[in-house]
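Now for the letters of each chain:
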Amino acid sequence: MAKRVLVLNGPNLNLLGTREPDIYGAQTLKDIEALCKQTGTEQGLTIDFRQSNHEGELVTWIQDARKTADAIIINPAAYSHTSVAIHDALKAVGLPVAEVHLSNIHQREAFRHHSYVSAVAFGVICGFGVTGYTMALMALAEKLK
Ligand code: DQA
């Protein structure tokens, strides 16, 4: 059976395409979803792609993943730098987690240098734009074999 990957996107990522394109690029979240689904097909993975501006909704989706997913890719966006709740949910669920950021968070403001998610992720990819999602899916496909 195809392994199932839940791809979660945090606040403001619904604005991709128009949001600070010099930092985040010109591609929309729909483009990233299409890219993930294409890579998923190539890698034999089923993709459940979601975005929320609400921390609690992301926490609930992570909890639900215990029954519906084999792994999680998450771009927690601003919640990376603030959310103990998302850290705790990912830890509780215990699925393999890959953390993705479009931009290189270490090259930016100091408040972006720490992510609460990184400690519960098996890998972190940042600075490669939308290709980071493809890289994370390929790494997960290998891990789930
Ligand atoms: C981001 C980086 C975060 O610092 C920021 O708050 C985002 C997007 C990225 O993909 O580069 O919203 O996660």
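Residues numbered from 1 in each chain as written. Predicted model: local features only at pLDDT ≥ 70, side-chain atom pairs only at ≥ 80, totals over all residues. Heavy atoms only, no water.

## A short note on the overall build of the protein
Turning to step 1, where the next piece is worked out: Summing up its helical and strand segments, the protein has five helices and five strands in all.
Turning to step 2, where the next piece is worked out: Counting from the amino terminus, helix and strand elements in the protein follow one another as β-α-α-β-α-β-α-β-β-α.
Turning to step 3, where the next piece is worked out: A globule of 145 residues ought to have a C-alpha radius of gyration of about 15 Å, and the protein, at 14 Å, matches this closely.
Turning to step 4, where the next piece is worked out: If you line up the protein on its principal axes, its C-alpha atoms span 40 × 30 × 25 Å.
Turning to step 5, where the next piece is worked out: Within the span of the protein, comprising 145 residues, buried residues form 48% of the whole.
Turning to step 6, where the next piece is worked out: Across the protein, every contact between residues at least 6 apart in sequence was considered, and the portion connecting residues at least 24 apart equals 76%.
Turning to step 7, where the next piece is worked out: When the accessible surface of the protein is split by element, carbon and sulfur atoms take 52% of a total near 7100 Å².
Turning to step 8, where the next piece is worked out: Here the protein contributes 13 positively and 14 negatively charged side chains, and the mean placements of these two sets differ by 6 Å. (Helix = DSSP H or I, 4+ residues; strand = E, 2+ residues; numbered from the N terminus. Rg over C-alpha atoms; globule rule 2.2 N^0.38 Å. Buried < 20%, exposed > 50% of the residue type's maximum accessible area, 1.4 Å probe, protein only. Contact = heavy atoms within 4.5 Å. Areas by Shrake-Rupley, 256 points an atom, 1.4 Å probe, with all protein chains shown as cover. Lys, Arg positive; Asp, Glu negative; His and termini not counted. Charge placed at Lys NZ, Arg CZ, Asp CG, Glu CD.)

## Here we look at the sheet that holds strand 5 (residues 123–126)
Turning to step 1, where the next piece is worked out: Sheet architecture is open: five strands sit in the order 2-1-3-4-5, paired in parallel fashion. With partners counted over all chains shown, the strands left at the sheet margins are strand 2 (45–51) and strand 5, one partner each. Taking each pair of neighbouring strands and ignoring which way they run, the sheet shows an average axis angle of 20°.
Turning to step 2, where the next piece is worked out: Contacts from helix 2 (residues 29–43) reach strand 1 (3–9) and strand 2 within the one sheet, and its direction differs from that of strand 2 by about 165°.
Turning to step 3, where the next piece is worked out: Along the sheet, helix 5 (residues 131–143) makes contact with strand 1, strand 2, strand 3 (71–75), strand 4 (97–101) and strand 5, crossing strand 3 at roughly 160°. (Pairing = 2+ DSSP bridges. Axes fitted to C-alpha atoms, helices over the stretch in contact; angles between N-to-C directions.)

## What to know about unusual backbone geometry
Keep in mind that most residues, glycine aside, have a negative phi and that most peptide bonds are trans.
Turning to step 1, where the next piece is worked out: Positive phi is not limited to glycine here, since Glu20 has a value of about 30°.
Turning to step 2, where the next piece is worked out: Relative to the assigned elements, Glu20 resides in the loop between strand 1 and helix 1 (21–24).
Turning to step 3, where the next piece is worked out: For Glu20, a relative accessible area of 39% puts it in the partly exposed group.
Turning to step 4, where the next piece is worked out: Even without glycine at this site, Ala77 takes up a positive phi of about 50°.
Turning to step 5, where the next piece is worked out: Within the fold, Ala77 resides in the loop between strand 3 and helix 4 (84–93).

## Some details on the UniProt feature "site: Transition state stabilizer" (unreviewed entry) in the protein
Turning to step 1, where the next piece is worked out: Residues given the UniProt feature "site: Transition state stabilizer" (unreviewed entry) here are Arg19.
Turning to step 2, where the next piece is worked out: Relative to the elements of secondary structure, Arg19 occurs in the loop between strand 1 and helix 1.
Turning to step 3, where the next piece is worked out: Beyond its immediate stretch of four places on either side in the chain, Arg19 contacts Pro11, Asn12, Leu13 and Tyr24. (UniProt positions renumbered as here; feature names shortened; annotations may be inferred.)

## Topic: helix 4
Turning to step 1, where the next piece is worked out: Here helix 4 has its buried residues at Ile86, His87, Ala89, Leu90 and Val93. Taken down its axis, helix 4 places every buried residue within 165° of arc, on the same side. Summarising the geometry of helix 4, the exposed residues directed more than 90 degrees from the buried face are Lys91 and Ala92.
Turning to step 2, where the next piece is worked out: Taken together, the buried residues of helix 4 touch helix 3 (55–68), strand 3 and strand 4.
Turning to step 3, where the next piece is worked out: Where helix 4 starts, the residue carrying a side-chain oxygen 3.4 Å from the main-chain nitrogen of Ala85 turns out to be Ser83. (Arc of directions from axis to C-beta. Polar contact = N/O pair within 3.5 Å; in protein donor to acceptor, adjacent residues only side chain to side chain.)

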